[in-house]
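# Residue-level structural notes
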Amino acid sequence: MNDLAKDLKGRDFISLKDFSTAEIFYLLDLADELKAKLKKGEPHPLLAGKSLGMIFAKRSTRTRVSFEVGIYQLGGLPIFLTHDDLQLGRGETIADTARVLSRYLQGIMIRTFSHRDVLELARHATIPVINGLTDLLHPTQALADIMTIREWKGKLKGLNLTFIGDGNNVAHSLMYAGAKVGLNVTIACPSGYEPMPQVVEEARRIAAVSGCQIAVSNDIEEAVEGADVLYTDVWASMGQEAEIEKRRQDFREFQINSEILKLARPDAMVLHCLPAHRGEEITDEVIDGPQSAVFDEAENRLHVHKAIMTAIM
Ligand code: CP
Ligand code: NVA
């Protein structure tokens, strides 16, 4: 085991900002390796005998299925736990839940609302905790995104990614991912929907080291010019259901359609974390078109999750 591999064992995976550039590339390389093994039909039971608890307080298709299938392919056992079915749903504390689950499992994946709850779980767990999305961050998604960009473009450093839409959890994690690997990230959003200033500042501090730019703009056309990667996400995230109508109005102009795509570089690729609201943040023409990498991106969640679990559990 090399030093990077040793250093990753037992770590939580809560934010990409907690990982060095070398560690992120180690995880990307491991994901590529595991993807190749799977395609060749080579067994890779690297987590034989280990179990992952998966706590969901929000819905999921990709995260749930890819973690569940992923640990199965690694020889381990997934246990799907909804927040409401656990005693957590009747008031058992996060700390006690963490202490108890640590006696049975070798890892916990959690998708919930408050980022603080994930930090609290990790503080009291003696096993690694993986952030499967909070209101603040979606780090496993961003790792799969940069894996997909590297696959399509052969590199990351110096490329320009423009995220069009809400300055949300996905946008935050993309800024951290880009900053770590030298990928320029611009968030193009309507006024009032900018990413959190603390996240922008922190991403900029990291970007200064890797030599790339993190930008925020309210001008979609200007932001798309010269983009190698266009990215979007839903206008209203889970938990923002009451704001759907207002957001539909506010985000009208913030859609990836053929006209916007033409303003990017001719070989630009398109990403979307999914689920998509077709006809809102992205048109059918674009998501189903030749420049769309969104289903490769969804597939890569599986390979990246396997890499994360293998490295930390
Ligand atoms: N992109 C993503 O996290 O999808 P799910 O909500 O389906 O897990
Ligand atoms: N921003 C979206 C991402 C879903 C994967 C949400 O939080 O609902």
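The sections below set out a description of the structure shown in this document. (Residues numbered from 1 in each chain as written. Chains lettered and ligands numbered in written order. Predicted model: local features only at pLDDT ≥ 70, side-chain atom pairs only at ≥ 80, totals over all residues. Heavy atoms only, no water.)

We now examine the sheet that holds strand β2 (residues 77-82). Sheet architecture is open: 4 strands sit in the order β2-β1-β3-β4, paired in parallel fashion. Strand pairing shows two members of the sheet lacking a second neighbour, β2 and β4 (129-131), which therefore form its edges. Strand-to-strand, the axes of this sheet are offset by a mean angle of 20°, without reference to chain direction. Here strand β1 (residues 51-56) runs beside β2; their pairing, made up of 6 bridges, is parallel. Of the residues in β2, the one forming a bridge with serine 51 is leucine 77. (Pairing = 2+ DSSP bridges. Helix = DSSP H or I, 4+ residues; strand = E, 2+ residues; numbered from the N terminus. Axes fitted to C-alpha atoms, helices over the stretch in contact; angles between N-to-C directions.)

Right, let's talk about a negative patch on the surface for a bit. On the surface, a cluster of negative charge is contributed by Asp219, Glu221, Glu222, Glu225 and Glu253. Assignment of secondary structure puts glutamate 222 in helix α9 (residues 220-224). With relative accessibility at 55%, the residue glutamate 222 sits in the exposed group. (Patch = residues over 30% accessible without salt bridge, like charges linked within 9 Å, V, L, I, M, F, W, Y side chains within 5 Å. Areas by Shrake-Rupley, 256 points an atom, 1.4 Å probe, with all protein chains shown as cover. Salt bridge = Lys/Arg side-chain N within 4 Å of Asp/Glu carboxyl O. Lys, Arg positive; Asp, Glu negative; His and termini not counted. Charge placed at Lys NZ, Arg CZ, Asp CG, Glu CD. Buried < 20%, exposed > 50% of the residue type's maximum accessible area, 1.4 Å probe, protein only.)

Overall, the coordinates contain 26 salt bridges when judged by the stated rule. Residue arginine 248 is joined to glutamate 245 by a salt bridge in which the shortest nitrogen-to-oxygen separation is 2.5 Å. Taken as a pair, arginine 248 and glutamate 245 lie in helix α10 (residues 244-250) at a separation of 3 residues, close to a single helical turn. Here aspartate 250 makes a salt bridge to lysine 246, at a shortest N to O gap of 2.8 Å. Of this pair, aspartate 250 and lysine 246 both sit in helix α10, separated by 4 residues, roughly a single helical turn.

Roughly 500 Å³ of volume is contained in the largest pocket. In this structure, the largest pocket is lined by 25 residues; those nearest its centre are Arg59, Val234, Ser237, Met238 and Pro275. Sorting the residues of the lining of the largest pocket by element identifies α3 (62-73) and α7 (169-181) as the ones contributing at least two each. (1 Å grid on protein atoms, 1.4 Å probe; cavity = no way out; pocket = protein on both sides within 12 Å on 5 of 7 lines; lining within 4 Å. Points joined across faces, edges and corners; volume = space filled by probe spheres on them.)

Attention now moves to the site of ligand 2. Close contacts around ligand 2 come from Leu133, His138, Asn168, Asn169, Val170, Asp233, Ser237, Met238 and Leu274, and that covers them all. One of the side-chain nitrogen or oxygen atoms of asparagine 169 is found 2.9 Å away from an oxygen atom of ligand 2. At a separation of 2.7 Å, a nitrogen atom of ligand 2 approaches a polar side-chain atom of serine 237. For ligand 2, the protein covers 95% of the area, taking 270 Å² as the surface of the free molecule. Class assignment of the residues belonging to the shell around ligand 2 gives a composition of 4 nonpolar, 4 polar and 1 charged. (Near = heavy atom within 4 Å. Polar contact = N/O pair within 3.5 Å; in protein donor to acceptor, adjacent residues only side chain to side chain. Nonpolar A, V, L, I, M, F, W, Y, C, P; charged D, E, K, R; others polar.)

The next point concerns the sheet that holds strand β8 (residues 229-232). As summarised here, the arrangement of the 5 strands in space is β7-β6-β5-β8-β9, forming an open sheet in which the pairing is parallel. Two strands close off the open sheet at either side, each with one partner strand: β7 (214-217) and β9 (269-272). Here the average twist between neighbouring strands, direction ignored, is 20°.

At a closest axis distance of 8 Å, the pairing of helix α4 (residues 94-104) and helix α5 (residues 115-124) adopts a crossing angle of 45°. What the angle tells us is that α4 and α5 run oblique. Here α4 and α5 pass one another in a crossing that is right-handed. Here α4 contributes Ile94, Ala95, Ala98 and Arg99 to the contact with α5, which in turn contributes Asp117, Glu120, Leu121 and His124. Grouping the constituent residues of the contact of α4 with α5 by class yields 4 nonpolar, 1 polar and 3 charged. (Parallel < 35°, antiparallel > 145°, perpendicular 65-115°, else oblique. Left-handed = near helix turned anticlockwise from the far one by under 90°. Contact = heavy atoms within 4.5 Å.)

Turning our attention to the pairing of β1. Of all 6 residues in β1, 6 are buried; the element is thus mostly enclosed. Every second residue of β1 is oriented toward a common face, with Ser51, Gly53 and Ile55 on one face and Leu52, Met54 and Phe56 on the other, all of them buried. Assessed by its sense of winding, the connection that carries the chain from β1 through α3 to β2 is right-handed. (Right-handed = clockwise from strand over helix to strand, strands pointing away.)

Attention now goes to α3. End to end, α3 covers 16 Å across 12 residues, agreeing with the expected 16 Å (1.5 Å per residue, within 8%). Among the residues of α3, those classed as buried are Thr63, Ser66, Phe67, Gly70 and Ile71. Down the axis, α3 shows its buried residues gathered within 120° of arc, on one side only. The inward-facing, buried residues of α3 abut β1, β2, β3 (107-111), β4, α6 (139-153) and α13 (294-312). Two residues or fewer after α3 comes glycine 75, characterised by a positive phi angle close to 90°. (Expected span 1.5 Å × (residues − 1). Arc of directions from axis to C-beta.)

Using the criterion set out here, one finds 0 disulfides in the structure. Take cysteine 212: it sits in no disulfide, and the sulfur closest to it among the cysteines is that of cysteine 189, at 18 Å. Using a relative accessible area of 7% as the deciding quantity, one classes cysteine 212 as buried. Of all cysteine sulfurs in the structure, the one in cysteine 189 sits closest to cysteine 273, which takes part in no disulfide; the separation is 16 Å. Classification of cysteine 273 as buried rests on a relative accessible area of 5%. (Disulfide = S-S within 2.5 Å.)

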